[in-house]
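Close look at the chain arrangement
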There are 2 protein chains.
Amino acid sequence: MSELPQAGGAVVLLSGGLDSAVTAAIARAAGHRLFALSFLYGQRHAVERDAACSVAAAMGVVRHVVQTIDLRVFGGSALTADIDVPKPARPATAEPAARTRTLPPPPGGIPLTYVPARNTIFLAFALAYAETVEASAIYLGVNAVDYSGYPDCRPEYIRRFQAMADVATRAALEGTPIRILAPLIDMTKAQIIRRGLELGVDFSLTHSCYDPEASGRACGRCESCLIRLDGFRAAGLADPAPYQNP
Amino acid sequence: MSELPQAGGAVVLLSGGLDSAVTAAIARAAGHRLFALSFLYGQRHAVERDAACSVAAAMGVVRHVVQTIDLRVFGGSALTADIDVPKPARPATAEPAARTRTLPPPPGGIPLTYVPARNTIFLAFALAYAETVEASAIYLGVNAVDYSGYPDCRPEYIRRFQAMADVATRAALEGTPIRILAPLIDMTKAQIIRRGLELGVDFSLTHSCYDPEASGRACGRCESCLIRLDGFRAAGLADPAPYQNP
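Every value quoted in this text rests on a predicted model; they were computed, and no experiment measured them. Counting starts from 1 at the beginning of each chain's written sequence and moves along it residue by residue. Key to labels: chains lettered from A, ligands numbered from 1, both in the order written. Owing to the predicted nature of the model, reporting of local features is limited to residues with pLDDT of at least 70; listing and counting of side-chain atom pairs is limited to 80 or more, with chain, interface and lining totals taken over all residues.

**Details of the overall build of chain A**
Secondary structure elements are defined from DSSP: runs of H or I of at least 4 residues count as helices, runs of E of at least 2 residues count as strands, and each element is numbered from the N terminus. Looking only at helices and strands, chain A features seven helices and five strands. Listing each helix as α and each strand as β along chain A from the N terminus yields β-α-β-α-β-α-β-α-α-β-α-α. To sort residues by burial, count the other C-beta atoms lying within 10 Å of each one's C-beta; a count of 20 or more means buried, 12 or fewer means exposed, and anything in between means partly exposed. C-beta atoms are built from the backbone. Within the span of chain A, comprising 246 residues, buried residues form 49% of the whole. Each residue gets a C-beta atom placed from its backbone, and two residues are in contact if those atoms lie within 7 Å. At a minimum sequence separation of 6, the contacts of chain A that also span at least 24 residues come to 73%.

**Thoughts on the interface of chain B and chain A**
Between chain B and chain A, the contact holds 39 residues from the first and 39 residues from the second. Of all the elements in the fold, those that place two or more residues in the side of chain B that touches chain A are β3 (63-68), α3 (118-133), α4 (155-168) and α5 (170-173) of chain B. The greatest single-element share of the side of chain B that touches chain A, amounting to nine residues, is contributed by α3(B). Residue classes follow a fixed rule: Ala, Val, Leu, Ile, Met, Phe, Trp, Tyr, Cys and Pro count as nonpolar, while Asp, Glu, Lys and Arg count as charged, and any other residue, Gly among them, counts as polar. When grouped by side-chain class, the residues that make up the side of chain B that touches chain A number 25 nonpolar, seven polar and seven charged.

**Structural notes on the sheet that holds strand β5 (residues 179-181) of chain B**
Residues and elements named next belong to chain B. A pair of strands is considered paired only if DSSP assigns at least 2 bridges between the two. Read across the open sheet, the five strands follow the order β3-β2-β1-β4-β5; overall the sheet is parallel. For this open sheet the edge positions go to β3 and β5, each flanked by a neighbour on one side alone. Strand-to-strand twist of the sheet, defined as the mean angle between neighbouring strand axes without regard to direction, takes the value 20°. Across six bridges, the pairing between strand β2 (residues 33-40) and β3 is parallel. Considered in β3, the bridge of Ala 36 is made with His 64. As a rule, the C-alpha atoms of each element are fitted with a line to give its axis, helices using only the stretch in contact, and angles between N-to-C directions run from 0 to 180 degrees. Of the strands in this sheet, β2 and β3 are in contact with helix α2 (residues 47-59), which crosses β2 at around 175°.

**Remarks on the sheet that holds strand β5 (residues 179-181) of chain A**
All names here are of chain A. Strand order in the open sheet formed by five strands is β3-β2-β1-β4-β5, with parallel pairing between adjacent strands. Pairing within the sheet leaves two strands with one partner each, and these edge strands are β3 (63-68) and β5. Taken pair by pair, the neighbouring strands of this sheet meet at an average axis angle of 20°, ignoring direction. The sheet contact formed by strand β4 (residues 137-139) and β5 spans three bridges and is parallel. For Tyr 139, the partnering residue across the bridge sits in β5 and is Leu 181. Sheet contacts for helix α2 (residues 47-59): β2 (33-40) and β3; angle to β2, the most-contacted strand, approximately 175°.

**Here we look at the packing of helix α6 (residues 189-198) of chain A against helix α7 (residues 223-234) of chain A**
Packed helices, taken two at a time, are described by the angle their axes make and the gap between the axes. Residue and element names in this part refer to chain A. At their nearest, the axes of α6 and α7 sit 8 Å apart, and the two run at 70° to each other. Overall, the two elements α6 and α7 adopt an arrangement that is roughly perpendicular. Seen along the crossing, α6 lies across α7 with a hand that is right-handed. Mapping the contact onto sequence places Lys 189, Ala 190, Ile 192 and Ile 193 in α6 and Ile 227, Arg 228, Asp 230, Gly 231, Phe 232 and Ala 234 in α7. Oblique is the label for any angle not under 35 degrees, not over 145, and not in the 65 to 115 range, which are roughly parallel, roughly antiparallel and roughly perpendicular in turn. In this scheme, a crossing is called left-handed if the near helix is turned counterclockwise away from the far one by less than a right angle; it is called right-handed if the turn is clockwise.

**Re the pairing of β2(A)**
Looking down a regular strand, the side chains alternate between one sheet face and the other. Residues and elements named next belong to chain A. Taken across its eight residues, β2 has six buried, putting it largely inside the fold. In terms of strand pairing, strand β1 (residues 9-13) meets β2 through five bridges, oriented parallel. Pairing of Val 11 across the sheet is with Phe 35, part of β2. Place the viewer so that the strands point away; then a crossover is right-handed whenever the path from the first strand over the helix to the second strand goes clockwise. Following the backbone out of β1, through helix α1 (residues 18-29) and into the adjacent parallel β2, one traces a crossover that is right-handed.

**What about unusual backbone geometry?**
Backbone geometry at A:Ala117 places phi at a positive 55°, although glycine is not the residue there. With respect to the secondary-structure elements, A:Ala117 resides in the loop between β3 and α3 (118-132).

**Some thoughts on α1(A)**
Residues and elements named next belong to chain A. Taking 1.5 Å as the rise per residue, α1 with 12 residues should run 16 Å; its terminal C-alpha atoms sit 17 Å apart, in good agreement. Taking burial as the measure, the 12 residues of α1 include 11 buried ones, the bulk of the element. All of the buried residues along α1 are Leu 18, Asp 19, Ser 20, Ala 21, Val 22, Thr 23, Ala 24, Ala 25, Ile 26, Ala 27 and Arg 28. Packing partners of the buried residues in α1 comprise β1, β2, α2, β4, α6 and α7. Among the residues trailing α1, Gly 31 stands out with phi positive, at a value near 95°. One less than the residue count of a helix, multiplied by 1.5 Å, gives the span that helix is expected to have.

**Brief notes about the environment of A:Phe232**
Residue and element names in this part refer to chain A. Its location among the elements puts Phe 232 in helix α7. Residues Phe 232 and Arg 49, 183 residues apart in the sequence, show an inter-C-alpha distance of 23 Å. Once residues lying within four places of it in the same chain are set aside, the contact partners of Phe 232 are Ile 193, Leu 237, Ala 238 and Asp 239.

These figures come from the coordinates and say nothing about function on their own.
Pasting the structure below:
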């Protein structure tokens, strides 16, 4: 990457999923040295951690910090608490009993997989990391198209976090504010996949499933798997990730 | 407290210090049920944790969550990294060699004890906690008078965090935003101490020192001890906390 312009350091939130891998590739293509940041937060899909490490290595990051935090003490979400991940019924397959536990409908269209203030916590840590390594930017892979129900995936949220960050740090007071960038926010999944391919992202390293089996194979049926599979279909490509029901 | 009006739940950030104890007492006096939140973040003054637990018990909180996070992986501060806590030279005492290690002057007047994005991280967790327990407010004991050098202790910072929080959560989208309250922000230390006494705060439970000895006794010489001692003097009172050099 020595031919790229030097844009300084950038912290990239790396979940191990498809979106954050493409986001990292975009930051790298902009000439940034990458400082990756991942979280273990009591979620069931800890296999994402291994995916995040693989992606970080493939991207040639300067450093990869994996921060362990405990969001389970607060309770309240399918991704951190002990309730089943919701899976839309599919006409082709009978729904096994273990999957049919009824959950209340999400109020206001907010998905059951919403974790309270998750992106705010992630961005707060990213801000600390960015200030410490003197990075000029934070990249995160939030998307308002596929995840329109999440309050903290919307452009207005990112704008207000930026406004807060602009007065929150020593760096900001000294005239070098840290930019919060969400390059995928208005893209469809198919557009994200095509952009990732252009930038050489190896999607076989990425992992999106909310409910993988122990071996790491994706369920192919949760909200996240369905969005990903639809994205590959719309892009006219096959998903190289392993699935339980190919 | 059964005679108080019911103001709903409030998350209180409890460090174990004097300011956060008075803040908790103010939230209790406003009729809130208290949900305390403390952090262990690799700081040297872990004795604050015990103080926080004592204060939480004395305040009759509903629940006290102690969140362990690792800020040392990012480096960069006297409170988390392995450098000496700065102590102003005092005319009466010779400065021992171990204390005189020269540190660069704080740029822009920001103290060396500044921890990157600390309050943003703390408030982000508080937001998750508040949303989960359906609290209507978050109380934090930041103070812009004694800690004017900290970017994230200023009113403008609190205002912008509020603006961000107003779009960040499910609670906000559903019309029940969480208020961020910093009741001490414009008070002098003497005013804070007098207000705490009016509200029955037991200051002997609180702890402020950046560099206590193992027994928990305060050094009496770091920035935080000096501000506290000056505050008690200005309030015309004796500090009941134990000091190494009384």
